[in-house]
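Secondary and tertiary structure notes
Residue strings, one per chain:
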Amino acid sequence: MSALIDLGEMRHGEDGDEPLPASPRRPPGRVARVVALGCLALLTVTGAAAPARRPAPVRVPAPAGAAFVVLADRLMVADGPSTIGRGGRGGRVVSGHRLPGGEPLWRFSLPAGDHVIGLGVAAGGLLVTSSPTGAGEPFSTLLDPDTGASRWRRPGYPVATAAGGLLLESPPTAAGTASVRAVDPASGAVRWTLSIPAQGVAYRTGGHGVTQLVLVTPDGRVAVHDADTGAPAHAGRVPAAPDGVSYRYAQVVADLLLVDGGPGTVTAYGLDRLDARWTVPVQERAGLWFTDCAGMVCLRDQVGGARTLDPATGRPAWVDERWLGFAPVDGRLLAATPGIGAELDRWVLEPTTGRVLGRLGRWRITGTDRELGGLLGLRHLTGDRTLVGALDVPAAQARIRAVLPGSWDECADSGTVLVCLRPAGGLTIWPVGR
């Protein structure tokens, strides 16, 4: 494989008619001669020295499907795939490497039988989520990114709060009750614990994490708690689940609690007072769900498209059947239409009206944790190359980061290097600059 990283100009329309930044205009006439004389003078001063070569890429061992995280000047890798748990990938050994050189720093092994199901960041450390083989309660372990030493290990699946705290969800026990405990992200010390009803817990989010926990029991009792202190915010009642066992809908969307109303309806309650706001009819068929569309309420199905409701009134705001999916990103909607395979055509929408604000082009999304290097897109080019783009959703712009030789599954951006995973396994560190 060639070590070349092409950061040069790509002509409009090459490899998929994607708009790219225009090349600078050439200076006309006399200006061109002045520029040429300046360049000649510069060459005279610097001599005939060859231009500095960009550092060669560095390879780091990793099996296909390995999970990895870039944190400052550290690369941390879980050693292999797994189909266990929510993340569906990972191994039982996590290793740390220095960037940009890839030098190995440490290795950490999970207890026998545990497998990684996710990697993240908390309190400046590497948060490893693992699960025993087969059924078992997940565990969260915080590692020092410089040494690999374990700072703490607690049962539960991690959920970040908007204020920088950490919640750990534990599944139901034999008695049928589950729990959420809040821990100090740096020390793992338990701050408080809440029992979760069989229906589970819904989260109210703000910024980049959870602000409130909303507990709903099948008999209609609702309790809202602060996500960082655990203190009760308020409580109330909604209609009991129609079958007395569980709701079809019991979720928090756009600062509303949505639960089953009468037959074939869903009622929205304001989270601050649990007051009934509006009721809408919902077809009683599988594959329908509500989702938060950057502050709007979207009713989605498995076919595609969206029926978008005003969260204040429940009245239809806009309907568009062309979109395959949505993701709220920093106050905008990232939407998709069919492209080529997993490379979908990406668009940016204004949430309240559905108006198209811009087209990002055809991309396969990677680097979805914006806190760890931003949102990246990958696109296959002719000649077995991959275009890597930094996707700025609020600005509705895509910026080229690199054109890499070969095909790649996932990439992460440190700001000065790209770390990418090959489909057959193996990570490569590509120096690309800012």
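The structure contained in this document is the topic of the report that follows. (Residues numbered from 1 in each chain as written. Predicted model: local features only at pLDDT ≥ 70, side-chain atom pairs only at ≥ 80, totals over all residues. Heavy atoms only, no water.)

**Here's the deal with the overall build of the chain**
Formally: Secondary structure elements are defined from DSSP: runs of H or I of at least 4 residues count as helices, runs of E of at least 2 residues count as strands, and each element is numbered from the N terminus. Residue-level accessible areas treat just the shown protein chains as cover; the underlying method is Shrake-Rupley with a 1.4 Å probe.
Within the chain, the secondary structure is distributed over 1 helix and 35 strands. Accessible surface for the chain amounts to roughly 20500 Å². Of this, 55% is attributable to carbon and sulfur atoms.

**Things to note about the state of the cysteines**
What counts here: Cysteine sulfurs are considered disulfide-paired once they come within 2.5 Å of each other. With a 1.4 Å probe rolled over the protein chains alone, any residue whose accessible area is under 20% of its type maximum counts as buried; one over 50% counts as exposed, and the rest are partly exposed.
Scanning all chains against the criterion turns up 2 disulfides. The disulfide that involves Cys-293 links it to Cys-298, with 2.2 Å between the sulfurs. Disulfide Cys-293 to Cys-298: torsion about the S-S bond roughly -125 degrees, handedness left-handed. Per residue, the accessibility class of Cys-293 equals that of Cys-298, and both read buried. Each bonded cysteine of the chain is numbered by sequence order, and under that numbering the disulfide pairs are 1-2, 3-4.

**What about the pairing of strand 17 (residues 232–237)?**
What counts, and what does not: If DSSP finds at least two bridges between two strands, the strands pair.
Judged by how many residues are buried, strand 17 sits mostly at the surface: 0 of 6 residues are covered. The pairing of strand 16 (residues 221–226) with strand 17 spans 5 bridges and is classified as antiparallel. Residue pairing in the sheet places Ala-223 in a bridge with Ala-235 of strand 17. Counted along the chain from strand 16 to the antiparallel partner strand 17, the turn is 5 residues long, and its residue Gly-230 has a positive phi close to 80 degrees.

**Some remarks on the sheet that holds strand 2 (residues 68–71)**
Put simply, the test is: With axes taken as lines fitted to C-alpha atoms, and helix axes fitted only over the stretch in contact, angles between N-to-C directions fall between 0 and 180 degrees.
As summarised here, the arrangement of the 4 strands in space is 2-3-4-5, forming an open sheet in which the pairing is antiparallel. One side of each edge strand has no neighbouring strand; the edge strands of this open sheet are strand 2 and strand 5 (104–109). Taking the axes of each pair of neighbouring strands and ignoring which way they run, one obtains an average angle of 15 degrees across the sheet. Across 5 bridges, the pairing between strand 4 (residues 93–98) and strand 5 is antiparallel. Paired with Val-93 across the bridge in strand 5 is Ser-109.

**Examining the sheet that holds strand 33 (residues 410–413)**
An order of 1-35-34-33 is seen for the 4 strands of this open sheet, with the pairing classed as antiparallel. The open sheet has two edge strands, strand 1 (58–60) and strand 33, and neither has a second partner. Sheet twist, expressed as the average angle between the axes of neighbouring strands with direction ignored, equals 20 degrees. As defined by bridge partners, strand 1 adjoins strand 35 (residues 427–431) across 3 bridges and the pair is classed as antiparallel. Bridge pairing links Arg-59 to Thr-428 in strand 35.

**Section: the pattern of salt bridges**
Opposite charge on two side chains permits them to pair, given that their charged atoms come into close proximity. To be explicit about the condition: Salt bridge, as used here, is a side-chain nitrogen of Lys or Arg placed within 4 Å of a carboxyl oxygen of Asp or Glu.
Under the counting rule described, the total for this entry stands at 14 salt bridges. With its nearest N and O atoms 3.1 Å apart, the salt bridge here joins Arg-74 to Asp-146. Remark: Asp-146 occurs in the loop between strand 8 (139–143) and strand 9 (150–155) and Arg-74 occurs in strand 3 (residues 74–78); sequence separation between them is 72 residues. Of the charged contacts, one joins Arg-277 and Asp-275 as a salt bridge, the two residues approaching to 3.0 Å between their closest N and O atoms. Three or more residues joined by partner-sharing salt bridges are found here, namely Asp-73, Arg-74 and Asp-146.

**A word on the nonpolar core**
The condition that has to hold: To qualify as a nonpolar core, a set must consist of buried Ala, Val, Leu, Ile, Met, Phe, Trp, Tyr and Cys residues joined through side-chain atoms within 4.5 Å. Pairs of residues are marked as contacts when any of their non-hydrogen atoms sit within 4.5 Å.
Ranked by internal contacts, the top residues of the largest apolar core, which has 15 residues, are Leu-258, Trp-278, Val-282, Phe-290 and Val-297. Broken down by secondary-structure element, the contributors of at least two residues to this core are strand 19 (256–260), strand 20 (265–270), strand 21 (276–281), strand 22 (288–293) and strand 23 (296–301). Those residues in contact with Leu-258 that lie beyond four places of it in its chain are Tyr-249, Ala-250, Gln-251, Val-253, Val-266, Thr-267, Ala-268, Trp-278, Phe-290 and Val-297.

**Observations concerning unusual backbone geometry**
Residues Leu-99 and Pro-100 are joined by a peptide bond in cis, for which omega reads 10 degrees. A positive phi angle is found at Ala-72, which is not glycine, with a value near 55 degrees. Here Ala-72 lies in the loop between strand 2 and strand 3. Given a relative accessible area of 62%, Ala-72 falls into the exposed group. In this model, Ala-123 sits at a positive phi of 50 degrees, which is unusual for a non-glycine residue. Relative to the elements of secondary structure, Ala-123 occurs in the loop between strand 6 (114–122) and strand 7 (125–132). Its relative accessible area of 44% is what places Ala-123 among the partly exposed residues.

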